Every structure is written in structure tokens, then in C-alpha cells.
Amino acid sequence: MLAAAALLALAATPALGSFSANLAFRSPTIEERGIHNPEPSLFSRRAGGYEGKVSFPYGVASGDPLPNGIILWTHAEPAEETEQRVELEWQISTSEDSFDSPVASGVVSTSNAIDYSVKVDADGLEPWNTYYYRFVSQVDNTVASPVGRFRTTPAEGAQVDEELKFAVYSCSNLPWGFFHAFGNPARKDSVHYAVHLGDYIYEARGDGEGKSYGNGTALGRVPQPNKEIVTLEDYRLRYKSYRADADLQLAHAKNAWIIVWDDHEVADNSYISGTADSNNTEAGAIEGIFFNERKAHAVRAWWEWQPTRQVQSDDFGRIWREFHFGNLLDLIMIDTRNYERAITDVYYNTEEVKAMSQWANRTMIGDKQEAWLNETIAASSATWRVLGNQVIFASLNTSTDLNYDAWDGYQANRARVIEAITESHKENTIILTGDTHANWVSDIPAYNTAGDHTYDPATGEGSIAVELGGTAVSSPSSYGRNKNDTYYKSHAEQLVASNDVLQYAEGQLRGYFELRLTQQQAIAEYFGILNIEKADDPSELSLANFTIAAGENRLSRPVSGGKVNGGALQQAAEEKDGKKDGHRGKPRADEKEKEWN
């Protein structure tokens, strides 16, 4: 009888998983432990597993797909605060409806030391295959997370004759509106993967008071904590506010994501040693926290909450990495913000940064990342090379001057990237861009260190690559807020008329674009969300379609077939004006205000 009771007690005790299997306990970079989280408490290591109820209020996510592997993520919330470890089993199946015979599984532990995040690096999978996954409580196997789906990548170098499809996002700001742009590709089931180019969260308060960026009160979208975030707990709470969004959860569950950060994952206009409002001086400390400490908190929380894989590096905060999709695509994700970017335009120093913008030693990405990028471009043998980049690469006059927070502030570094493309004779390069809360589509000529170039806007002759810049998921337009249709149209027309490489501009609607790649061509379709302030209306408009033929290195003419459903094409603006002013011309001098790009 006693033996039977002991067996029953043993059966009710959850099997203990591994803390080491949970990547959230580790540092983002394998050899650098500067932001390695404190170890799980001695109690949680020695005590048995938590036997209470758990829930999954933030859904599931997958990311950084490989031919044989994937990162799986969830957040297991215990019913009450506990020092005990929370035990889960992760399961991968080829069936959405049955996990009786998983193709891969394991038991993993989490704890309050990492706010109950779970990240698993699952391997042993088949290339270019669709899988489903979930997490299950070790205490009660009827308690399971939502089911997620992902697709592994084609084997490296394998012939890919199918179409690769990506949704491309940037600048998702909770208080400004609903995330319909995230949910729509999932509802349409129109892509294989998602790419987020940064500004996944924003650091400011969001109730319209004080130094707010947006007012989410009426929409029930005030992010927590409602202040400018600086501590690790602040950043964790902010991710919780964002990941509670239903459309963001849907998008993460439907497809694997490939993610990099921009500035607002740390703070506005961040660079290597500061931001627009913080640095490592007493005057630049916020709540007594210097910038380096704040950045470590931001990176730690980003690592816990995003389905990203460790990179092999001894560098603090390295996230630049590459992905191979057979012989069709090499996706190269770079960090133009937080690695080793020299001081940027932080609003009060614009003239000083402008004076430095052509300096040869001024860097956007740092020497080590630049060397890696050059080597990666040179070694690439796929049909297409796509650079996942944060800020505008083309030289564009966007207001009354150039944007010195973009590559125009680092012109010699941009020229060296172009040299890496041209000297390695690489065709079919596409640059993806976010940051500016507007749509920009440009041919990229061979800029020199002063930003000068030779290019024919009518034919695209002189272009060596194409830049696809996407608008924000919800952050407000850099053209200005609450303007009428005529204003937005006129502003777009003025921009394309004043910039010879800029073939399309649009800044009225929030949205995203889908990128579809074959061996013969790349097609980018831009979508605008009609109303981000209505929770139950995700209606969207197809704004424009751009084709890039393999081997052409420029947008196919007529650009977007000569037709768009919003914004302005350069060809149409030229026909309207009867002339072309050139890319150094000055657009209308509208009032210049601080924009949180």
C-alpha cells in the first residue's frame, strides 16, 4: 500500500527539465557573458517543479529558421509567484491536429529569474518542410499553449524553383493604433516567413501626458509601465503589453520570424554610447541609470522575448547574422543602430553631424560588422541577396535637408557597402528598410563618399541595387499627422520630384509589404491599412506592385506598371511638372518637427 502511494506521488511530480536547454537563461552571444542573466536561484535548482496551474497569455512564436532547426518561444505564467521551476514539454509535429507522435520533443525549465520566458533550439528537422508545435504543462498535459506553425528553410545550395514569400514589418507602436498589419498576412496565409526590421516596441510613455509618444487611452492601448522605460523590469513589462496584442500573437503563431532591432528597443536615436535623451554622464542618466546599464537591460529583455538564436561572437550586443534559402536567397540581417554606430543626429546636434557626414572614418555599422558584411556579400552565391537594414540607404532629401540619422549621415560607410557589392560583381541586391514611418522605393546608384552619383531616373541606368522601404505598422507618418488626402498626395509628389532615385513615395497609410522571390524576379506588393483605430476592421488596400527582374539591378519600367493606389510615382510627377529637379533639390519647407523614427 505504501509502495503504491509512493508510485502515485511520483507520477504526480513533474519531470524536471533542463535550465541549460532554455536559451533565455543565456547571453545573446555565445562567448560574451556581459548580459548573461543571473543563475536560477539555488531553491529553484534544488526544489521540485511547480505543481500549480500555468497559462500562456502571450502565445507562442518561432524564429531564425534553418534547414534542420528552429527557435521556439513561449512564456509560461504560473498562477502565483513561485521560486520553483516551471516545467514544460515542447513538441513538434507534422500534423496540426495531433501531437501523439511528435517528430521532436523535450522538457525544459524556466523560472522567475527570466520572467518565465522559454526559448528552445530544436533541431533534427527536414529542410523546406512545414511543422506545428506547442508547449504542454508537465503537471497537467491537458494544459497546452496555442499551436504554432513554422517552415524550415531549403537546404543550403539546393535548387529552389518555388516562390519564397515574406511579410516585411517595422515600427509597431502600441498606443498609436491596432496591429492589423501584423495580422493580415496571417489571415490571408500569404507568406512563409516574417521579417521585422526594428522598432518592435517603443520606450516612451503612451497616455498623452508628459513625454508621451502617442495616446492609447481611448483605444485601451496604454503600454505598461506608463513611463519612459529604463530598468530590466520596465522593458519586460513593455514587451508584455505588446505581446498581449491578438494580431501580433496571430502573426507569431502562423510563421517563423527573423528579427533585428532599431533604436526604440533601447531608446530614441540610439548609437554606441547614448540616445536622444540619455548617455553615460550624470546629466544623461535617467532614474539614476546610465546609458550602458539601460542598454544592457534593453538587450536582456529583447533576448528573453524574441525567438532569436545565439550568434558565435564575443561582442556585446551582436545580432547581425545571415540565413540561406537554398540557391535562391541569402538574407543578410545587419545592425545599423546599437552595435558600433558613431554618434547620430539627436536633434540638438544636427549641424555638427552634418559636418561629419562625409568623414572616411565615420561608421554606421562598426569595423567588425563591416568586414563580416563584405565577406558575406563576396561569398554569397544565391540568385538574390537581401539586406535587412533599418534606416534609409538612398540619399534622399526628406525635409529641408538630408536625413543625417540615416545612411546620409555616414556617406563613406555607405560608399564602402556599395563597393563591396560592385567589386564582387554581385547582381540582384535588394535592401529592406524601415524606421521612417513612410513608404520609399528607390533605385540605388553607385554613390561615392560625397553622395554623388550617375543615374538615369527614366530607365534606371546606373542602378546597382533596389531599396524597398516600408511604412510603419502603426507609428505616425513622418509626413505629419492628421493631414488631409491632398496634403499627403502633394507631399509624396514633391519628394519624388526632388529626388531622382526615389521612384515611389507614400506616407498616408500605415501598413507593410510582401516580398515574393523566384529565380526570375522579385515582386514587392505594398499594403495600406485603412483604419488602425478600429479594432474590428483590418481592411487593407493594395497600394502598389514593384517588379525587379533578375539581372537588371533596378526597378522594372514602367515602375509599378505606371499605376498606384496611393502616394506618387516619379514618372507621374515628372509628367505633371514637365521637368526633373534632381536629387539635391529642396522640397517644400514644411515645419520641421521632432519625429520618433
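Residues numbered from 1 in each chain as written. Predicted model: local features only at pLDDT ≥ 70, side-chain atom pairs only at ≥ 80, totals over all residues. Heavy atoms only, no water.

**Quick word on the overall build of the protein**
This is how the line gets drawn: Runs of H or I in DSSP of at least four residues are treated as helices and runs of E of at least two as strands, each being numbered from the N terminus. Only protein chains enter the area calculation, which uses a 1.4 Å probe; residues under 20% of their type maximum are buried, those over 50% are exposed, and those in between are partly exposed. For accessible areas, the Shrake-Rupley method is used with a probe of radius 1.4 Å. Any residue's cover is judged against the shown protein chains and nothing else.
Secondary structure summary: the protein contains 11 helices and 23 strands in total. Of all 597 residues assigned to the protein, the portion counted as buried reaches 62%. Taken as a whole, the protein presents about 21500 Å² of accessible surface, with 49% of it coming from carbon and sulfur.

**Quick word on the pairing of strand S3 (residues 70-75)**
Keep this limit in mind: Strand pairing requires that DSSP identify at least two bridges connecting the strands.
Of all the six residues making up S3, six are buried; the element is thus mostly covered by neighbouring parts of the structure. Burial along S3 is two-sided: the residues Ile70, Leu72 and Thr74 and Ile71, Trp73 and His75 are all buried. Here four bridges tie strand S2 (residues 60-63) to S3, and the two strands are oriented antiparallel to one another. Residue pairing in the sheet places serine 62 in a bridge with leucine 72 of S3. As paired elements, S3 and strand S7 (residues 117-122) share six bridges and run antiparallel to each other. Bridged to isoleucine 70 within S7 is alanine 122.

**Re the pairing of strand S14 (residues 329-333)**
In terms of residue burial, S14 counts as a mostly covered element, since five of its five residues are buried. Alternating residues of S14 divide into Leu329, Leu331 and Met333 and Asp330 and Ile332, and every residue in both groups is buried. Summarising the sheet, strand S13 (residues 321-325) and S14 pair through five bridges and their orientation is antiparallel. Paired with glutamate 322 across the bridge in S14 is isoleucine 332.

**What to know about the nonpolar core**
Put simply, the test is: Throughout, nonpolar core names a set of buried Ala, Val, Leu, Ile, Met, Phe, Trp, Tyr and Cys residues whose side chains join them through atoms within 4.5 Å.
Formed by 104 residues in total, the largest nonpolar core has its most connected members in Ile92, Phe135 and Leu468. If you look at the next biggest cluster of nonpolar residues, it comprises 40 residues, including Ile334, Trp372, Val391 and Tyr487.

**Let's talk about the side chain of glutamine 91**
Note the cut-off: We call two N or O atoms a polar contact when they sit within 3.5 Å, provided that within protein one can donate a hydrogen and the other can accept it, with sequence-adjacent residues counted only if both atoms are side-chain atoms. Working rule for contacts: check all heavy atoms of both residues, and any pair within 4.5 Å makes them a contact.
Tracing the backbone shows glutamine 91 in strand S5 (residues 86-93). Polar contacts involving the side chain of glutamine 91 include one to the side chain of arginine 134, which spans 2.7 Å. Leaving out residues up to four positions away in the same chain, glutamine 91 has contacts with Phe99, Pro102, Ala104, Ser105, Tyr132, Tyr133, Arg134 and Val136.

**Brief notes about helix H4 (residues 232-243)**
Spelled out, the test is: One fewer than the residue count of a helix, multiplied by 1.5 Å, yields its expected span.
If you check H4, its first and last C-alpha atoms are 17 Å apart, about what 12 residues at 1.5 Å a residue would give, namely 16 Å. Along H4, 10 of the 12 residues are buried, which leaves the element largely enclosed by surrounding structure. Residues Leu232, Asp234, Tyr235, Arg236, Arg238, Tyr239, Lys240, Ser241, Tyr242 and Arg243 constitute the buried set of H4. Packed against the buried residues of H4 are S2, S3, strand S4 (77-78), helix H5 (246-254) and helix H6 (291-305).

**Regarding empty space enclosed by the protein**
Heads up, the condition is: Both site types are read off a 1 Å grid over the protein atoms alone. A 1.4 Å probe that fits but cannot get out defines a cavity, while an open set with protein on both sides within 12 Å along at least five of seven lines defines a pocket; lining residues have an atom within 4 Å of a point. Grid points are joined across faces, edges and corners, and a volume is the space filled by probe spheres set on the points. In the scheme used here, Gly and all other residues not listed as nonpolar or charged are polar, with Ala, Val, Leu, Ile, Met, Phe, Trp, Tyr, Cys and Pro taken as nonpolar and Asp, Glu, Lys and Arg as charged.
Per the stated rule, a full pass over the model turns up five cavities of 30 Å³ or more. In terms of lining residues, the largest cavity is bounded by Pro28, Trp302, Trp303, Thr308, Arg309, Val311, Arg318, Ile319 and Arg321. Residues of the lining of the largest cavity, tallied by class, amount to five nonpolar, one polar and three charged.

**Focus on the packing of H4 against H6**
The line we're drawing: Where helices are involved, their axes are fitted lines through C-alpha atoms of the stretch in contact, as for all axes, and angles between N-to-C directions lie from 0 to 180°. Should the near helix be turned counterclockwise from the far one by less than a right angle, the crossing is left-handed, whereas a clockwise turn marks it as right-handed.
Running from amino to carboxyl end, H4 crosses H6 at an angle of 40 degrees, the nearest separation of the two axes being 8 Å. Of the two elements, H4 crosses H6, and the hand of that crossing is right-handed. Across the interface between the two elements, Leu232, Tyr235, Arg236, Tyr239, Lys240 and Arg243 from H4 touch Arg294, His297, Ala298, Arg300, Ala301, Trp302, Glu304 and Trp305 from H6. Grouping the constituent residues of the contact of H4 with H6 by class yields seven nonpolar, one polar and six charged.

**With respect to H6**
Between its first and last C-alpha atoms H6 spans 21 Å; for 15 residues at 1.5 Å apiece the expected length is 21 Å, and the two agree. In terms of residue burial, H6 counts as a mostly covered element, since 12 of its 15 residues are buried. Restricting attention to buried positions, one finds in H6 the residues Phe291, Arg294, Lys295, His297, Ala298, Val299, Arg300, Ala301, Trp302, Trp303, Glu304 and Trp305. Considering only its buried residues, H6 is in contact with S3, S7, H4 and strand S12 (256-259).

**Some words on the layout of surface pockets**
Quantified by volume, the second largest pocket comes out at close to 460 Å³. In terms of lining, the second largest pocket is formed by 20 residues, of which the most central are Asn482, Gln508, Arg510, Ile532 and Glu533. Split by residue class, the lining of the second largest pocket holds nine nonpolar, seven polar and four charged.

**What to know about unusual backbone geometry**
Across the junction of glutamine 224 and proline 225, the peptide omega takes the value -10 degrees, indicating a cis bond. As for its placement among the helices and strands, proline 225 is situated in the loop between strand S11 (193-196) and H4. Residue proline 558 is bonded to the preceding arginine 557 through a cis peptide linkage, with omega at -10 degrees. Mapped onto the fold, proline 558 is located in the loop between strand S22 (540-549) and strand S23 (568-569). For aspartate 189, which is not a glycine, the phi torsion comes out positive at approximately 55 degrees. Relative to the assigned elements, aspartate 189 resides in the loop between helix H3 (180-188) and S11. Phi is positive for histidine 425, which is not a glycine, with a value near 55 degrees. You can see histidine 425 is positioned in the loop between helix H9 (411-423) and strand S16 (429-433). When its relative accessible area of 70% is taken as the criterion, histidine 425 is described as exposed.

**Structural notes on the sheet that holds strand S18 (residues 463-469)**
Hydrogen bonds between backbone groups are what pair the strands of a sheet, and the pairing can be parallel or antiparallel. In space, the eight strands of this open sheet follow the order S13-S14-S15-S16-S18-S17-S19-S23, with mixed pairing throughout. The outermost strands of the open sheet, each flanked by one partner alone, are S13 and S23. Its contacts with the sheet put helix H8 (residues 367-379) on S13, S14 and strand S15 (384-388), and the angle it makes with S14 is roughly 175 degrees.

**Describing the sheet that holds strand S9 (residues 148-151)**
In spatial order, the strands read S6-S5-S8-S9; together these four strands make up an open sheet with antiparallel pairing. A single partner strand is all that each edge strand has here, and the edge strands are strand S6 (104-110) and S9. Neighbour to neighbour, the strand axes of the sheet diverge by 25 degrees on average, direction disregarded. The pairing of strand S8 (residues 130-137) with S9 spans four bridges and is classified as antiparallel. Pairing of tyrosine 131 across the sheet is with phenylalanine 150, part of S9.

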